[in-house]
Amino acid sequence: MTTIIAFAAFVAVALVGWCIAEGKDKVFNYSYNEEEETVMAQQQKALEQNGYTELNIGDVMRTIATTGYQAV
């Protein structure tokens, strides 16, 4: 009987936490300030100047170290 009560309490606490998290997301909205907007514009400009290509898995495997660390 104690196990059923503990499980019910766990479910109740989880549901309350979930409801709070969902409500918080709907009530509090994030907005960017001027400094963040400036940085985002600079990053967008740099991407446009340098070009942006999304890497496929083959490119990623060639550009990162996949052999691991070799001790001396």
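Residues numbered from 1 in each chain as written. Predicted model: local features only at pLDDT ≥ 70, side-chain atom pairs only at ≥ 80, totals over all residues. Heavy atoms only, no water.

1. Things to note about the overall build of the protein chain
Then comes step 1: When its secondary structure is counted, the protein chain shows three helices and zero strands.
Then comes step 2: For the protein chain, the α and β elements follow one another from N to C terminus as α-α-α.
Then comes step 3: Across the 72 residues in the protein chain, those meeting the buried criterion constitute 0%.
Then comes step 4: Roughly 7,200 Å² of accessible area belongs to the protein chain as shown, and the carbon and sulfur atoms make up 62% of that amount. (Helix = DSSP H or I, 4+ residues; strand = E, 2+ residues; numbered from the N terminus. Buried < 20%, exposed > 50% of the residue type's maximum accessible area, 1.4 Å probe, protein only. Areas by Shrake-Rupley, 256 points an atom, 1.4 Å probe, with all protein chains shown as cover.)

2. Re the packing of aromatic side chains
Then comes step 1: Taken as a whole and assessed by the stated rule, the structure comprises one aromatic pair.
Then comes step 2: Centre to centre, the rings of Y30 and Y32 are 5.5 Å apart; their planes meet at 90 degrees, and the pair counts as edge-to-face.
Then comes step 3: A residue is classified by how much of its surface remains accessible, and Y30, at 62% relative accessible area, is exposed.
Then comes step 4: For Y32, a relative accessible area of 46% gives the class partly exposed. (Phe/Tyr/Trp six-rings, centres within 6.5 Å; stacked < 30°, edge-to-face > 60°.)

3. Some remarks on a nonpolar patch on the surface
Then comes step 1: Together, F7, F10, V11, L15 and W18 make up an exposed nonpolar region whose accessible area comes to about 570 Å².
Then comes step 2: You can see F7 is positioned in helix 1 (residues 2–27).
Then comes step 3: Look at F7 and you get exposed, because its relative accessible area is 57%. (Patch = residues over 30% accessible without salt bridge, like charges linked within 9 Å, V, L, I, M, F, W, Y side chains within 5 Å. Salt bridge = Lys/Arg side-chain N within 4 Å of Asp/Glu carboxyl O.)

4. Considering helix 2 (residues 34–50)
Count 3.6 residues to each turn of an α-helix, and residues three or four apart come out pointing the same way.
Then comes step 1: Compared with an ideal rise of 1.5 Å per residue, which puts 17 residues at 24 Å, helix 2 spans 24 Å between its outermost C-alpha atoms and is within 8% of the ideal.
Then comes step 2: Its side-chain oxygen 3.3 Å from the backbone nitrogen of E35, N33 forms the N-cap of helix 2.
Then comes step 3: Immediately beyond the C-terminal end of helix 2, within one or two residues, lies G51, with a positive phi of roughly 80 degrees. (Expected span 1.5 Å × (residues − 1). Polar contact = N/O pair within 3.5 Å; in protein donor to acceptor, adjacent residues only side chain to side chain.)

5. Describing the confidence of the model for the protein chain
Then comes step 1: Taken as a whole, the protein chain shows an average pLDDT of 86; of its residues, 89% reach a score of 70 or greater.
Then comes step 2: Within the protein chain, the element-level pLDDT minimum falls on helix 3 (residues 57–63), averaging 81, and the maximum on helix 1, averaging 94. (pLDDT = per-residue confidence, 0-100.)

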